[in-house]
Amino acid sequence: IYINKLQAYKTAIKNIHWSSNNMSEHKLFDDIEDAVAEVQDEIAEVAQGVYERLKLNDLKPRRYNITTSKKMLQDLLNDTQQFLTTLRSKELVGVKSTVEAFIGKLNQFKYLLDFCLKEDLKRRIKTKVCKKI
């Protein structure tokens, strides 16, 4: 289920957060983790109100192997868009709007991540040039 995927992404996000090369990426992934946790909680609570409560040990995150932060964010967006296509039940209308808003937030994070990565590249180039001088 989708909340299991979100749990795996939260772990991947923490890994990226802790291994960031710059403060802007470090802080951005804090914001991303907060957004993922919030949407995961809302989806799980609404679904339990509509269907049934999750039982202990129902949350079974799959492992997500990180290649780059940019790819991880795109994979999260793709999985979220795929999940949105499954939301057809009228009872889940609130979940659908939550997921749509989350997709918007993920696109915003992609935009902000590009800034972080470009800033980091500029910093590295500048440091390399300064060391040669």
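Just so we're clear, the structure is a prediction, and the values are computed from it rather than from any experiment.

K.L.:
It is not clear to me how the overall build of the protein chain should be interpreted in this structure. Could you clarify?
P.N.:
The helix and strand inventory of the protein chain stands at 4 helices and 0 strands. Tracing the protein chain from N to C terminus, the helices and strands come up as α-α-α-α. Counting over 133 residues, the protein chain shows a buried share of 35%. For the protein chain, the proportion of contacts with a sequence separation of at least 24, taken over those separated by at least 6, is 77%. Surface accessibility of the protein chain: about 8,800 Å² in total, with carbon and sulfur atoms responsible for 54%.

K.L.:
Explain helix α1 (residues 2-18) to me, please; I cannot follow it from the model alone.
P.N.:
For an α-helix the count is 3.6 residues per turn, leaving residues at separations of three or four pointing the same way. Here α1 is 17 residues long and its end C-alpha atoms lie 24 Å apart, about the 24 Å a rise of 1.5 Å per residue gives. Of all the 17 residues making up α1, 13 are buried; the element is thus mostly covered by neighbouring parts of the structure.

K.L.:
Looking at this model, I keep getting lost on the packing of α1 against helix α2 (residues 23-50). Mind explaining?
P.N.:
Helices that pack against each other are described as a pair by the angle of their axes relative to one another and the distance between those axes. α2 packs onto α1 with a crossing angle of 165° between their chain directions and a minimal axis gap of 9 Å. When the interaxial angle is binned, α1 and α2 end up roughly antiparallel. For α1 against α2, the interelement crossing comes out left-handed. In this structure, α1 contributes Y2, I3, L6, Q7, K10, I13, K14, I16 and H17 to the contact, and α2 contributes E25, H26, F29, D30, I32, E33, V36, A37, V39, Q40, I43 and A44. For the contact of α1 with α2, the class distribution of residues is 12 nonpolar, 4 polar and 5 charged.

K.L.:
I would appreciate a short explanation of the packing of α2 against helix α3 (residues 69-85) in the present structure.
P.N.:
Closest axis-to-axis distance for the α2/α3 pair is 13 Å, and the angle between their directions is 20°. It follows that α2 is roughly parallel to α3 by the angle criterion. Helix-helix and strand crossings are classified by hand; for α2 and α3 the assignment is left-handed. Across from E25, F29, I32, V36 and I43 in α2, the residues of α3 making contact are S69, M72, L73, L76 and F83. The residue makeup of the contact of α2 with α3, split by class, is 8 nonpolar, 1 polar and 1 charged.

K.L.:
Looking at this structure, I do not really get the pattern of salt bridges. What am I missing?
P.N.:
Between side chains of opposite charge, a pair can form as their charged atoms come close. All chains considered together, the criterion is met by 5 salt bridges. For K14, the salt bridge is made with D30, and the minimal N-O distance between the two is 3.6 Å. Of this pair, K14 sits in helix α1 while D30 sits in helix α2, and the two are 16 residues apart along the sequence. With relative accessibility at 27%, the residue D30 sits in the partly exposed group.

K.L.:
Please explain the nonpolar core as it appears in this structure.
P.N.:
A general tendency of soluble globular proteins is for nonpolar side chains to be buried together. I32, I43, M72, V99 and F102 are the most contacted members of the largest nonpolar core, which totals 33 residues. At the level of elements, α1, α2, α3 and α4 (93-132) are the ones that each hand at least two residues to this core. Sequence-distant contacts of V99, that is, excluding residues within four places in its chain, are made with I43, T80, F83, L84 and L87.

The rules behind these values
- Along each chain, residue indices are assigned from 1 in the same order as the chain's sequence is written.
- Totals for whole chains, interfaces and linings use all residues, but because this is a predicted model, local features are given only for residues with pLDDT of at least 70 and pairs of side-chain atoms are given and counted only at 80 or more.
- Excluded from the side-chain calculations are hydrogens and water; all other atoms, namely the structure's heavy atoms, are used.
- A run of DSSP states H or I qualifies as a helix once it reaches four residues; a run of E qualifies as a strand once it reaches two. Both are numbered from the N-terminal end.
- Think of it in three bands: with a 1.4 Å probe and only protein chains considered, a residue is buried below 20% of the maximum accessible area for its type, exposed above 50%, and partly exposed in between.
- Any two residues having at least one pair of non-hydrogen atoms within 4.5 Å are treated as being in contact.
- The protein chains shown are the only cover counted for residues, whose accessible areas, like all others here, come from Shrake-Rupley with a 1.4 Å probe.
- What a helix is expected to span follows from its residue count: subtract one and scale by 1.5 Å.
- Every angle, taken between N-to-C directions, lies between 0 and 180 degrees, and every axis is a line fitted to C-alpha atoms, over only the stretch in contact when it is a helix.
- With respect to orientation, any angle under 35 degrees is reported as roughly parallel, any angle over 145 as roughly antiparallel, any angle of 65 to 115 as roughly perpendicular, and every other angle as oblique.
- Left-handed describes a crossing whose near helix is turned anticlockwise from the far helix by less than a right angle; the clockwise case is right-handed.
- Just so you know the grouping, Ala, Val, Leu, Ile, Met, Phe, Trp, Tyr, Cys and Pro go in nonpolar, Asp, Glu, Lys and Arg go in charged, and all remaining residues, Gly too, go in polar.
- Salt bridge, as applied in this entry: a Lys or Arg side-chain nitrogen positioned within 4 Å of an Asp or Glu carboxyl oxygen.
- We call a set of buried residues a nonpolar core when its members are Ala, Val, Leu, Ile, Met, Phe, Trp, Tyr or Cys and they connect through side-chain atoms within 4.5 Å of each other.

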